[in-house]
Amino acid sequence: MNAIWLPEVIVLAGAIGTLAFGLAARRSKAMSDLAMTLALITVVVALLPTVGLIGTVEEGFAGAFRIDGLTLAFHLLILIGTGLVLLIARDGRSDGVPPQYLAEYAALLLFAALGGMLIAAAADLLLLFLGLELLSISSYVLVGLKKTHLGSTEAAMKYVLTGATATAVFAFGMSYAIGLTGTTDVYQIGQTMADAGFMARYGRLLFVAFFFLIVGAFYKLASVPFYMWAPDVYQGAPTAVTAFLATVSKASGMALVVRLFLGSFAWVAWEAQPNVIKNFWSESTPYIAALSALSMIVGNVLALKARDVKRMFAYSSVAHAGYLIIPLAAVNPMMIDQIVFYLLAYLLANVGIFAVIDQVGRDRGSYDLSAFSGLYHRAPLVAWALLLFFLSLAGIPLTMGFFGKLNILLGAVWGGHFVLAGLLVVTSVISYVYYFAVLKQVFMRPGTTERPLAFSFGTATVIALAVLGTLLGSLFPGEVMRTMQQAFDAVQMFGIYQGRL
Amino acid sequence: MPSLYWYNYLVVVLFIALGIGLPIVAFALSRLLRPKHAYAEKTTTYESGAEPIGTSWVRFKVKYYLYALLFLVFDVETLFLYPWAVAFDRVGTFALLEMVIFLAILAFGLFYAWRKDVLEWK
């Protein structure tokens, strides 16, 4: 019996500890600055048992809590993402967040990460829902932390209202799935559905349940048509929180949809008419493929018009949601590997870019494209790092993002989705336009000032780590992928069923 | 015995009829019995409360929500304590430990609210 719950417990204890620390230190400003550091230490400490658990497949709490390769891979993604975001937040604290809320800022980031980790570890609909709510409610507060900033308040309001609707839809779908199958266990639902005659009787209702359920997850992913909140929320939130939403929140949504889709629904087969066998994934594929295609097109096209960089990244995040959904439509044995590898590449590049956006935005007081002009002359090293991140996000060959996209492309072809594969290539080319618009400002436009831009320690660390990770993934993609497959042997498709079938 | 089955519905119908009928009868009776002296004060919203000034479409302090949130702490606590207490004989010391952790987290929530001056009416 391993302590499979240790990472979660550490994050929870760290979050409560950070809050308590904030209480104790609320009279002294120097002390409350330490809250962020405390949260950062928590994340690092939580990483240790997570790494230690690698290779375990174990369940606890009557099968509701499950540690397997999928869980651990997403735990690592979430913890690394949260750690990097905390580093940005620590330096960007002058970014409009009132100083008396610093401890809550740090604690809420930890609580949100805990929600994401619960989602990744849950094999029970109720625990999934609990994790989703913990993540969502913490994010709402985080978005509105700049209390005196009108845009932040507006963003929080919009996020709460649309998010609550998405949650309600998710809960409604849950009620159908639980009501029809009589169980809350994700895998048990799949087994009940596979009973002879079950799908023939309740098949349609279960499709309704499935689509209501993925609304909740796709909302977190910000895919079309649930992306409307993204631009305003990304723009209004403190930059570190925007980075969190774009990376950790998206990874959690992906964990949710993967566990639900593959755990419960995908493999159910039934006899629709005599001698006609249908299965769930091939029936649901056209709808998921359509959402993916629309996300890629809408995200990339709308991003062309954006002048505000944070808004542009909201649309870019919609587009990347589209890429990430492709493996779900094109079901293939390597799909989880593709998703996790791509998420890692996306996370590293995005966090690095947001670190730069944060620093530049605070220096210039604006997130407009022109704020980046002449950055090359002000901070040449950072400009080169930015170039690497953008190339990786755009998927220029021989970068980590390229190998991520290549994997997804091969998976799509393997699954017979040539249209999606084509769209992936075409929309990636479209995305060059707006990614290079930023790079053009950085390298080719003279800025209003040549004053060197100093990067604070935390931001510089984030950029350095992101560069390191992206370079590693770019130079040794095969090794990274193989390490991933060996470490999380269950990341390979069928590992997530180990011990359950 | 199908007739017995339908008797159950008869009870439901009876209750619906009573539910609709009682207020009608009550209001009708009070209308017949009460004295009628209509003057301006009688038509205000709160006859014996504070005088309403202006319209109700104004911004006002939403301090109450904090109390609603704090109430939730106790509400959830009861919700989980009760079944735990009923099944205490069977669930054993592990559940006791779990409940202590659970209560400690909730108590911290209350403590936090208290230290943050939420309980002060400002």
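All chains use their own residue numbering, which begins from 1 and follows the written sequence. Written order decides the labels, with chains lettered from A and ligands numbered from 1. The model is predicted, so local features are restricted to residues of pLDDT at least 70 and side-chain atom pairs to those at 80 or more, both for listing and for counting; the totals for chains, interfaces and linings are taken over all residues. The side-chain values count all of the structure's non-hydrogen atoms but skip hydrogen atoms and water molecules.

A.B. asks: Looking at this structure, I do not really get the pairing of strand β4 (residues 276-279) of chain A. What am I missing?
C.D. replies: In regular strands, side chains alternate between the two faces of the sheet. All names here are of chain A. Where strand β3 (residues 269-273) and β4 come together, four bridges link them in antiparallel fashion. Its bridge partner lying in β4, alanine 269 is registered against asparagine 279. Hairpin connection from β3 to β4: two residues lie between these consecutive antiparallel strands, with asparagine 275 at a positive phi of about 65°. Following DSSP output, two strands are said to pair if at least two bridges run between them. The way it works is that DSSP assigns letters per residue, a run of H or I at least four long becomes a helix, a run of E at least two long becomes a strand, and they are numbered from the N terminus.

A.B. asks: Got a minute to help me understand the interface of chain B and chain A in this structure?
C.D. replies: Think of interface size as the accessible area that goes away when the parts come together; that is how it is often given. Two residues qualify as a contact provided that any one of their heavy atoms is within 4.5 Å of a heavy atom in the partner residue. On the side of chain A, nine residues touch chain B, which itself brings seven residues to the contact. As a working definition, buried area equals the accessible area (1.4 Å probe) given up by two parts on being put together, with both sides summed. Of the roughly 760 Å² buried where chain B meets chain A, counting both sides, 68% is carbon and sulfur surface. Each salt bridge in this description consists of a side-chain nitrogen of Lys or Arg and a carboxyl oxygen of Asp or Glu lying within 4 Å of one another. Seen at the junction of chain B and chain A, the total is one salt bridge. In this structure, A:Glu104 engages B:Lys116 in a salt bridge whose closest nitrogen and oxygen atoms are separated by 3.9 Å. Considering only residue class, the side of chain B that touches chain A consists of four nonpolar, no polar and three charged. Gly counts as polar in this scheme, as do all residues outside two lists: the nonpolar Ala, Val, Leu, Ile, Met, Phe, Trp, Tyr, Cys and Pro, and the charged Asp, Glu, Lys and Arg.

A.B. asks: Hey, could you run me through the pattern of salt bridges in this one?
C.D. replies: Side chains that differ in sign of charge can pair as their charged atoms come close. Residue and element names in this part refer to chain A. Tallying each qualifying case throughout the model produces 13 salt bridges over all chains. The partner of aspartate 91 in a salt bridge is arginine 90, with the nearest N and O atoms 3.9 Å apart. On the accessibility criterion, arginine 90 (24% relative accessible area) is partly exposed. Among the salt bridges present, the one from aspartate 368 reaches arginine 307, with a minimum N-O distance of 3.2 Å. Placement of the pair is aspartate 368 in the loop between α14 (335-364) and α15 (375-378) and arginine 307 in the loop between α12 (280-305) and α13 (309-329), with a sequence separation of 61 residues. Whether a residue is buried, partly exposed or exposed follows from its accessible area with a 1.4 Å probe, protein chains only, as a fraction of its type maximum: under 20%, in between, or over 50%, in that order. Residue classification places arginine 307 among the partly exposed residues on the basis of a relative accessible area of 45%. Put simply, Glu59, Arg66, Asp68 and Arg259 are held in one network by salt bridges that share partners.

A.B. asks: Looking at this structure, I do not really get empty space enclosed by the protein. What am I missing?
C.D. replies: If you roll a probe as big as a water molecule over the atoms, it shows you where there is empty space left. Residues and elements named next belong to chain A. Definitions used throughout: a 1 Å grid over protein atoms alone; a cavity as a set of points that fits a 1.4 Å probe which cannot get out; a pocket as an open set with protein on both sides within 12 Å along at least five of seven lines; a lining residue as one with an atom within 4 Å of a point. Grid points are joined across faces, edges and corners, and a volume is the space filled by probe spheres set on the points. By the definition in use, this model includes one cavity of 30 Å³ or more. Looking at the largest cavity, the residues that line it are Leu132, Ser136, Tyr140, Gly163, Ala166, Thr167, Gly216, Tyr219 and Lys220. Put simply, the parts of the chain that give the lining of the largest cavity at least two residues each are α6 (125-143), α7 (150-181) and α9 (198-221). Looking at side-chain class alone, the lining of the largest cavity contains four nonpolar, four polar and one charged residues.

A.B. asks: It is not clear to me how the side chain of A:Thr183 should be interpreted in this structure. Could you clarify?
C.D. replies: Structurally, A:Thr183 is set in the loop between α7 and α8 (186-193). Contact partners of A:Thr183, with chain neighbours within four places excluded, come to A:Ile178, A:Gln188, A:Ile189 and A:Thr192.

A.B. asks: Please clarify how the layout of surface pockets should be interpreted in this entry.
C.D. replies: Residue and element names in this part refer to chain A. In this model, the second largest pocket occupies a volume close to 710 Å³. Along the wall of the second largest pocket there are 27 residues; nearest its centre are Ile80, Leu344, Leu348, Gly469 and Leu472. Breaking the lining of the second largest pocket down by element, the ones donating at least two residues are α3 (34-52), α4 (69-91), α14, α19 (457-475) and α20 (477-487). No other element matches α4, which puts seven residues into the lining of the second largest pocket. Of the residues contributing to the lining of the second largest pocket, the split by class is 23 nonpolar, four polar and no charged.

Keep in mind that these numbers describe shape and distance, not what the molecule does.
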